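So you can see what is in the structure, the chains are spelled out below.
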Amino acid sequence: MTNILGESTAVNNLIKIINQVSGSKINILIIGESGTGKELVAKMIHETGPLKNEPFIPVNCGAIPENLIESELFGHKKGSFTGATSDKPGLFEVASGGTLFLDEVGELPLTMQVKLLRALQERTIRKVGGVDTIKVDARIIAATNRNLEEAVKKGTFREDLYYRLNVVLIKTPPLRDRENDIDILAKAFLKKFNDKQGKKLKGFHPEVMRTYYKYQWPGNIREFENILERAVTLENSDVITASTFPISLMKVYQELGPESADVNAPKIKNLPAMPPVHFGEGHIELTKLLKSIEGVYSESALALTGGDIARAAEWVGDSVKDFQKRMTSLGLKTGQKSSDHLKSQDKKSKKTNQHQSANKKSRK
């Protein structure tokens, strides 16, 4: 049985409307940001109603090549196009009696929108290359993260199809509007990935949870789940610490200030300072300055990851091999600070300038 985890007002309202519509075969449109669980809502509608023992067929409309969408939804006859070596039923037929979930319906091209509208109105389809009409009886639940009203105004989505799908509208709330559910979701994902990876992590450092609550979660529940899987994989202690944070969460963690003093997390105060820019005598050439900044950036990545070369390489977008090459090319040895490297470059530059100045005076 599919369940939506949470006790927030937003989730309670969502479950309430799911229970209201699950008993009917009315067309439903689910809207919401990416990662908010639109397919989960569709499954719950299906599984809590009288169609629960019938097929639930999901299809991502944005993932099917345009020239194959009609065949995928309505089926095709043998020989109707190159590669059609036998008759094939469409997903409307397969889902008949149950639920057809049209995910990312806003990605359908206009030509296919016309054919979908006819299928919804007539409750019949015609296979590609066929002449007979076939009756279908699937409940339609569509979903999108696009603003279909704006798409209608722009002419990229048919108004009549929009209203045909939008008999009942359900909006999945973003995670930032479900603050009370963070703790519940965190514990559920921790258990899931503990079981999956054979680990026994006991919970979360308090400042990790504080960061979770502060973060805005642009990727919503999908992002939260991925971050928890990463944390369980990387954590070496008995609780999740900030040392497992990706850079997006680390930024928020550092912005929270001294109260977020997780002893296992790298501290921003330990990062090297950006190199100064000198003008006039003893100046640093632009290429040298850029190399110095690159050195600080690479060293900062190492500091933020506690010296973990693999994670530092990930943060700067390098492979481990390329990151090590970068450090070597910058003249940074193990334990050497980029600031030391800058001083070395500065001294060399000053000596060069002094030598050039002496030559000019001797020529005079």
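Residues numbered from 1 in each chain as written. Predicted model: local features only at pLDDT ≥ 70, side-chain atom pairs only at ≥ 80, totals over all residues. Heavy atoms only, no water.

Trainee: How should the pattern of salt bridges be read in this particular structure?
Mentor: If charged atoms from side chains of opposite charge come close, those side chains can pair. If you walk through the whole model with that rule in mind, you get 16 salt bridges. As a salt-bridge pair, K115 and E70 come within 2.7 Å of each other at their nearest N and O atoms. Of this pair, K115 sits in helix α5 (residues 110-122) while E70 sits in helix α3 (residues 69-74), placing them 45 residues apart in sequence. According to the relative accessible area criterion, K115 is partly exposed, its value standing at 36%. Taking the relative accessible area as the measure of exposure, E70 reaches 24% and is therefore partly exposed. Here K88 and E72 are joined by a salt bridge, their closest N and O atoms 3.3 Å apart. Of this pair, K88 sits in strand β4 (residues 88-89) while E72 sits in helix α3, placing them 16 residues apart in sequence. Residue classification places K88 among the partly exposed residues on the basis of a relative accessible area of 31%. (Salt bridge = Lys/Arg side-chain N within 4 Å of Asp/Glu carboxyl O. Helix = DSSP H or I, 4+ residues; strand = E, 2+ residues; numbered from the N terminus. Buried < 20%, exposed > 50% of the residue type's maximum accessible area, 1.4 Å probe, protein only.)

Trainee: Sorry, what's going on with the side chain of R139 here?
Mentor: Tracing the backbone shows R139 in strand β8 (residues 139-144). Within the buried set, R139 has no salt-bridge partner at all; the shortest N-O distance to an opposite charge, 9.6 Å, is to D137. Of the polar contacts made by the side chain of R139, one reaches the backbone oxygen of S24; its length is 2.7 Å. In this structure, R139 is in contact with V21, S22, S24, K25, I26, I45, H46, L51, G98, T99 and L100, ignoring residues within four places of it in sequence. (Lys, Arg positive; Asp, Glu negative; His and termini not counted. Polar contact = N/O pair within 3.5 Å; in protein donor to acceptor, adjacent residues only side chain to side chain. Contact = heavy atoms within 4.5 Å.)

Trainee: Explanation requested: the environment of K214 in the structure shown.
Mentor: Along the chain, K214 falls in helix α9 (residues 206-214). Ignoring anything within four residues of it in the chain, the contact list for K214 reads V252 and L256.

Trainee: Just to check I follow, could you spell out the sheet that holds strand β5 (residues 99-103) for this structure?
Mentor: In a beta sheet, neighbouring strands pair by backbone hydrogen bonds and run either parallel or antiparallel. The strand order β2-β5-β8-β1-β9 describes an open sheet built from five strands, whose pairing is parallel. Lying at the two open borders of the sheet, with one neighbouring strand each, are β2 (56-60) and β9 (168-171). Ignoring strand direction, the axes of neighbouring strands in this sheet form an average angle of 20°. Here four bridges tie strand β1 (residues 28-31) to β9, and the two strands are oriented parallel to one another. In the strand pairing of β9, I28 is matched with V168. (Pairing = 2+ DSSP bridges. Axes fitted to C-alpha atoms, helices over the stretch in contact; angles between N-to-C directions.)

Trainee: How do you make sense of helix α8 (residues 182-197) when you look at a structure like this?
Mentor: Each turn of an α-helix holds 3.6 residues, which means side chains three or four residues apart point in the same direction. Counted at 1.5 Å a residue, the expected span for α8 with its 16 residues is 22 Å, and the 22 Å between its end C-alpha atoms agrees. Here α8 has its buried residues at I182, L185, A186, F189, L190, F193 and N194. Looking straight down α8, one finds that the buried residues subtend no more than 160° of arc, so they occupy a single side. Across α8 from its buried face, at more than 90 degrees, point the exposed residues K187, K191 and D195. For α8, the secondary structure elements touched by its buried residues are β10 (203-204), α9, α10 (220-234) and β11 (239-240). Directly after α8, the chain includes G198, whose backbone phi takes a positive value near 70°. (Expected span 1.5 Å × (residues − 1). Arc of directions from axis to C-beta.)

Trainee: Can you help me understand the nonpolar core in this one?
Mentor: Nonpolar side chains in soluble globular proteins generally cluster together in the buried interior. Counting 31 residues, the largest nonpolar core has L73, F92, L100, L102, V105, L116 and L165 as its most contacted members. Taken together, the elements giving at least two residues each to this core come down to β2, α3, α4 (91-94), β5, α5, β8, α6 (148-154) and α7 (159-165). In this structure L102 touches V59, C61, L73, L116, I140, I141, A142 and A143, once residues within four positions along its chain are discounted. (Core = buried A, V, L, I, M, F, W, Y, C linked by side-chain atoms within 4.5 Å.)

Trainee: Looking at this structure, I do not really get α5. What am I missing?
Mentor: Here α5 spans 19 Å end to end across 13 residues, near enough to the 18 Å set by a 1.5 Å rise per residue. When we look at burial in α5, the residues that qualify are M112, Q113, L116, L117, A119 and L120. Buried residues along α5 cover an arc of 165° about the axis, so they all sit on one side. Exposed residues lying more than 90 degrees from the buried face of α5 are T111 and R118. Contacts made by the buried residues of α5 are with α3, α4, β5, β6 (124-126), β8 and α7. A positive phi of about 55° marks R123, the residue just after α5.

Trainee: In this structure, what is going on with the layout of surface pockets? I would like to understand it.
Mentor: Rolled over the atoms, a probe sized like a water molecule indicates the empty space that remains. For the largest pocket, the calculated volume is near 660 Å³. Every residue lining the largest pocket is counted, 25 residues in all, and those nearest its centre are T36, G37, L40, I221 and E225. Listing elements by their share of the lining of the largest pocket, those giving two or more residues are α2 (38-47), α8 and α10. Top element by residues in the lining of the largest pocket is α2. It accounts for five residues. Here the lining of the largest pocket is composed, by residue class, of nine nonpolar, seven polar and nine charged. (1 Å grid on protein atoms, 1.4 Å probe; cavity = no way out; pocket = protein on both sides within 12 Å on 5 of 7 lines; lining within 4 Å. Points joined across faces, edges and corners; volume = space filled by probe spheres on them. Nonpolar A, V, L, I, M, F, W, Y, C, P; charged D, E, K, R; others polar.)

Trainee: Help me understand the pairing of β8, please; the structure alone is not making it clear to me.
Mentor: In summary, the side chains of a regular strand alternate between the two faces of the sheet. Counting buried residues in β8 gives six out of six residues, a clear majority hidden from the surface. Residues R139, I141 and A143 of β8 are buried on one face, and the alternating residues I140, A142 and T144, pointing to the opposite face, are buried as well. Bridge analysis of β1 against β8 gives four bridges, and the strand direction is parallel. Note that in β8 the partner of I31 across the bridge is T144. Alignment of β5 against β8, held across four bridges, turns out to be parallel. Across the sheet, L102 pairs through a bridge with A142, a residue of β8.

These values are about where atoms sit, not about what they do.
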